[in-house]
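# A closer look at the structure
Given next are the chains, with one letter for each unit.
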Amino acid sequence: MIEFRSTQNVNWTQVGGVAGLVVAYVLFFPRLFDWLGVSALTLGILPAAVTGWYLGRRVALVTGIVIVFATAWVLAGSYPNFLQHWPDAILIVVSGFASGVLRKTIIERSNATAELQKNLREERALTDIVRALSKTERTSPNNVLQMIVDSTRELIPNTEKSVIHLFDQETQVLISQAVSGYQEQGDTGKIKMGIGEGVAGMVIAERTVVNVGDVQIDPRFRKSNTPPMYRSLMVAPVQSGETCIGTISVQSSLPGAFTADEEALLSALGAQAAIAIENARLLETTQQGYKEISALYRITQGLASSLETEQLMKDVVDLLQQSFGYYHVAILVIDPDTEDLVVQHGSGKTGERHKGERLPAGTGIIGHAAITGEPFFTNDVNDVVFYSPHPLLPDTQSELAMPIKMNERVLGVLDVQQRPPNHLTERDQQLVGTVADQLAVALQKASLYSDLQASLAQEKSMRLQLVQSERLALVGRLLASVSHELNNPLQAIQNALFLLKEEEGISAQGRQDLQIVLSETERMAGLIERLRASYRPTQMNEFQPIQLNTIVEDVYALLATHLRHKQVAFEFHPDPELPLISGLPDQLRQVTLNLLMNGVEAIQNGGRLTVSTEAAESGKVMLTVSDTGPGIDPVLLPHIFDAFVTSKEGGTGLGLTITYDIVHRHQGRIQAENNPTGGATFRIWLPISQAEQK
């Protein structure tokens with residue numbers, strides 16, 4: 001659309017042309033009058049109207065009067081009746097004035113139409129932006145910002161480039177978020193700008209629009225080594241409440257390109273940009289909050305539904321990494337024996353390779369958090385003097401180590417690492433702290449469950465021992481009763497044999513046979529006496545100091561021939577400094593003999609029987625008997641010390657029962673287990689004698 005210029009802006013070319021037309025009319029008027037007569041006077045309307053059109057109604061009014069008087073003066077001598085044509089003179093004056101008024105009316109209407117169209121474009125652009133802002137959850141905030149800079153470049157005349165920058169308070173850097181227009185070579189989109197420095201710094205500090213007509217001469221513009229591609233610069237704040245969060249700027253290669261009205265428009269667009277950014281941040285905060293609540297709910301649900309701490313820790317590290325995009329997440333637990341931090345679980349494949357790694361106490365950021373019991377948080381690990389980089393995590397830039405504490409006792413550390421361009425925030429610290437508290441509850445709960453399981457196992461073992469003891473007592477009473485009943489007729493048989501031996505007339509062969517029978521009855525009587533002695537209540541004053549190594553050597557001497565016949569290799573590894581124990585030598589000899597005989601009978605020809613002694617637990621001595629046989633039937637193993645339980649053909653199942661009873665009457669304990677490589681091992685723990693302890 002054609003834009004008309006105001007009559008107040010003098011165009012000297014037009015003035016000269018109009019003046020020439022008026023002078024020409026006046027000079028040629030006599031000749032025109034000779035040709036056309038009175039009609040020549042009407043032609044004066046043309047220069048008057050042209051004057052009004054180009055120079056305005058006031059100049060046209062004066063010009064019309066000048067034309068009338070000039071023509072009257074020219075015709076004064078030759079045409080005395082000129083005044084009779086005064087209507088034509090008035091028409092000349094009125095036509096010039098009317099032409100000026102018409103010109104002014106057209107200009108005003110044209111300017112009003114242009115202003116209206118401009119306002120409509122602005123309103124349409126702002127409406128589109130507002131509509132986009134209302135759909136931020138479906139429209140990317142970056143797209144809204146791009147729409148704003150594109151609209152800015154279209155709405156503000158002479159704009160060649162429009163940019164929205166956001167200000168990073170921590171680094172004092174303006175970071176480009178949206179650009180419309182040309183791209184300068186080497187432009188990184190980041191401007192190092194302190195508050196109050198340069199045009200942008202001034203806008204951020206004062207929160208007002210700054211319009212620089214010419215950057216080459218304006219002292220507010222901070223020059224750089226590379227000259228700018230623009231001459232005019234206008235910058236408005238992007239303001240949220242009382243805080244300036246960035247700037248919106250327009251650039252033009254023309255000096256003085258932007259007006260005061262355009263400052264207001266740029267300020268309004270900056271306000272829309274602030275709304276878009278705040279909406280984006282609000283949406284991000286809402287989404288982050290939802291993720292946090294969801295993660296905490298899943299962790300809490302895992303705590304309530306499972307006692308599998310290992311699986312829970314694995315789920316936690318994977319959940320944190322996947323939900324919040326962390327570079328690496330790991331849970332380390334303190335080893336109570338060494339105080340080292342042991343990696344229990346890590347995220348991803350790197351975490352699998354980390355598992356089981358030990359970190360010495362106090363090493364790195366993780367060790368620092370474990371020792372101090374306080375969280376440690378940094379967005380630049382290179383600034384931390386005690387930072388210890390891991391070769392599998394070369395991109396780490398930010399790290400947060402959160403102690404896992406229960407009742408002020410540090411159980412471990414939850415470690416989160418991040419890489420550029422992302423960084424950790426205070427919100428991350430709050431989230432990780434809450435998760436660490438949940439992990440502390442889980443670890444304590446698992447510890448209590450483990451202790452409970454151990455107590456239940458111990459209680460079950462004690463209950464089984466009591467049942468075993470009752471069974472042994474019953475067997476003992478049974479054997480004592482049977483041995484008593486057998487002893488009476490055996491005594492009668494022995495007496496009869498003694499009497500028979502003294503009679504005359506018995507042949508030598510008969511006497512020899514009689515001696516054999518008598519010898520066997522004495523052996524049977526000895527066996528019955530040993531059974532009665534084994535189950536007779538033991539008195540502590542009967543105990544005496546015994547060297548267990550000597551017991552083993554005595555038993556080996558009895559079995560040496562048997563071992564050679566069975567081709568069983570015998571190895572004995574005695575502890576040369578083995579303390580003395582307190583007990584009954586015959587009974588402990590019986591225990592050792594039973595264990596060695598069981599081992600020999602289990603071994604096939606060519607096997608090995610290994611015996612060792614050592615000082616074991618506090619105030620205990622341990623005897624170990626191990627064989628290379630087939631081992632104990634897993635079905636029989638839990639009941640191996642019960643009476644009448646045996647896998648041997650012709651076995652009574654009382655040997656290990658008697659052994660168990662003797663060991664317990666010596667305040668000891670016995671254990672049987674199968675070896676991973678084959679065979680079985682029996683271990684006996686017996687207390688050191690009181691004299692030895694003193």
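Everything below is about the structure printed above this text.
Conventions and cut-offs
Residues numbered from 1 in each chain as written. Predicted model: local features only at pLDDT ≥ 70, side-chain atom pairs only at ≥ 80, totals over all residues. Heavy atoms only, no water. Phe/Tyr/Trp six-rings, centres within 6.5 Å; stacked < 30°, edge-to-face > 60°. Helix = DSSP H or I, 4+ residues; strand = E, 2+ residues; numbered from the N terminus. Buried < 20%, exposed > 50% of the residue type's maximum accessible area, 1.4 Å probe, protein only. Lys NZ or Arg CZ within 6 Å of the ring centre and 35° of its normal. Contact = heavy atoms within 4.5 Å. Core = buried A, V, L, I, M, F, W, Y, C linked by side-chain atoms within 4.5 Å. Patch = residues over 30% accessible without salt bridge, like charges linked within 9 Å, V, L, I, M, F, W, Y side chains within 5 Å. Areas by Shrake-Rupley, 256 points an atom, 1.4 Å probe, with all protein chains shown as cover. Salt bridge = Lys/Arg side-chain N within 4 Å of Asp/Glu carboxyl O. Pairing = 2+ DSSP bridges. Axes fitted to C-alpha atoms, helices over the stretch in contact; angles between N-to-C directions. Left-handed = near helix turned anticlockwise from the far one by under 90°. Nonpolar A, V, L, I, M, F, W, Y, C, P; charged D, E, K, R; others polar.

Further remarks concern the packing of aromatic side chains. If you walk through the whole model with that rule in mind, you get six aromatic pairs. Ring geometry for Phe641 against Phe682: centres 6.4 Å apart, planes inclined by 80°, an arrangement best described as edge-to-face. With a gap of 41 residues between them, Phe641 in the loop between strand S17 (620-627) and helix H16 (655-665) and Phe682 in strand S19 (residues 680-687) connect regions that are remote in the sequence. For Phe641, a relative accessible area of 11% gives the class buried. For the cation-ring pair, Arg669 lies above Trp685, with the distance from its terminal atom to the ring centre recorded as 3.9 Å.

With that out of the way, let us pick up the side chain of Asp340. Note that Asp340 resides in the loop between strand S7 (328-334) and strand S8 (341-346). Since its relative accessible area comes to 18%, Asp340 is described here as buried. Beyond its immediate sequence surroundings of up to four residues, Asp340 is in contact with Val333, Ile334, Asp335, Arg358, Leu359, Pro360 and Ala361.

Our next topic: the nonpolar core. Grouped together as the largest cluster of nonpolar side chains are 38 residues, with contacts concentrated most on Leu595, Phe641, Ile670, Phe682 and Ile684. Within the residue set of this core, elements represented by two or more residues are helix H14 (548-565), helix H15 (585-602), strand S16 (608-615), S17, H16, strand S18 (669-674) and S19. The element contributing the most residues to this core is H14, with six residues. With sequence-adjacent residues up to four places away left out, Leu595 is seen in contact with Val625, Leu656, Thr659, Ile670, Phe682 and Ile684. Core analysis: the second largest hydrophobic core is formed by 26 residues, Val329, Met406, Leu424 and Val435 among them.

It is worth spelling out a nonpolar patch on the surface at this point. Taken together, the side chains of Leu61, Ile65, Phe97 and Val101 make up a nonpolar region of the molecular surface, amounting to roughly 280 Å² of accessible area. Broken down by secondary-structure element, the contributors of at least two residues to the nonpolar patch are helix H4 (57-74) and helix H5 (86-134). Locating Phe97 in the fold gives a position in helix H5. For Phe97, a relative accessible area of 36% puts it in the partly exposed group.

This part takes up the environment of Val342. Relative to the assigned elements, Val342 resides in strand S8. On the basis of relative accessible area, Val342 is assigned to the buried category, the value being 12%. Those residues in contact with Val342 that sit more than four places away from it in its chain are Ile331, Leu332, Val333, Asp335, Gly356, Glu357 and Arg358.

Another aspect to go through is the sheet that holds S7. Strand order in the open sheet formed by six strands is S9-S8-S7-S12-S11-S10, and the pairing between neighbours is antiparallel. Each of the sheet's edge strands pairs with one partner strand only, and the pair in question is strand S9 (358-359) and strand S10 (376-378). Across three bridges, the pairing between S10 and strand S11 (residues 398-406) is antiparallel. Bridging across to S11, Phe377 finds its partner in Leu400. Contacts between helix H9 (residues 309-324) and the sheet are confined to S7, S8 and strand S12 (409-418), with S7 contributing the most and set at about 150° to the helix. Most of the contacts of helix H11 (residues 364-372) go to S11, to which it runs at about 30°, and overall it touches S7, S8, S9, S10, S11 and S12.

Turning our eyes to something else, we now look at the pattern of salt bridges. For the coordinates displayed, the defined rule picks out twelve salt bridges. Ionic pairing is found between Arg220 and Asp218, a salt bridge with its closest N-O pair at 2.9 Å. For the salt bridge of Arg589 with Asp554, the shortest nitrogen-to-oxygen distance reads 3.8 Å. Remark: Asp554 occurs in helix H14 and Arg589 occurs in helix H15; sequence separation between them is 35 residues. For Asp554, a relative accessible area of 32% translates into the label partly exposed.

The amide bond that connects Pro420 to the next residue, Pro421, takes the cis arrangement and shows omega of 5°. Phi at Asn407 takes a positive value of approximately 55°, unusual for a residue other than glycine. With respect to the element layout, Asn407 can be found in the loop between S11 and S12. A relative accessible area of 66% places Asn407 in the exposed class. Despite not being glycine, Gln567 has its phi angle at roughly 55°, a positive value.

Our next topic: the packing of H15 against H16. Relative to each other, H15 and H16 sit at 140°, their axes nearing to 9 Å. Judged by the twist between their axes, the crossing of H15 over H16 is left-handed. Contact residues: Gln587, Gln590, Val591, Asn594, Leu595 and Asn598 in H15; Gly655, Leu656, Thr659, Ile662, Val663 and Arg665 in H16. Tallied by class, residues from the contact of H15 with H16 come to five nonpolar, six polar and one charged.

Now for the sheet that holds S17. The strand order S14-S16-S17-S19-S18 describes an open sheet built from five strands, whose pairing is mixed. Each edge of the open sheet carries a strand with a single partner, namely strand S14 (569-573) and S18. Sheet twist, expressed as the average angle between the axes of neighbouring strands with direction ignored, equals 10°. In the packing of H14 onto the sheet, contacts are made with S14, S16 and S17, and the angle to S14 comes to roughly 170°. Against the sheet, H16 contacts S18 and S19, and its axis sits at roughly 140° relative to S18.

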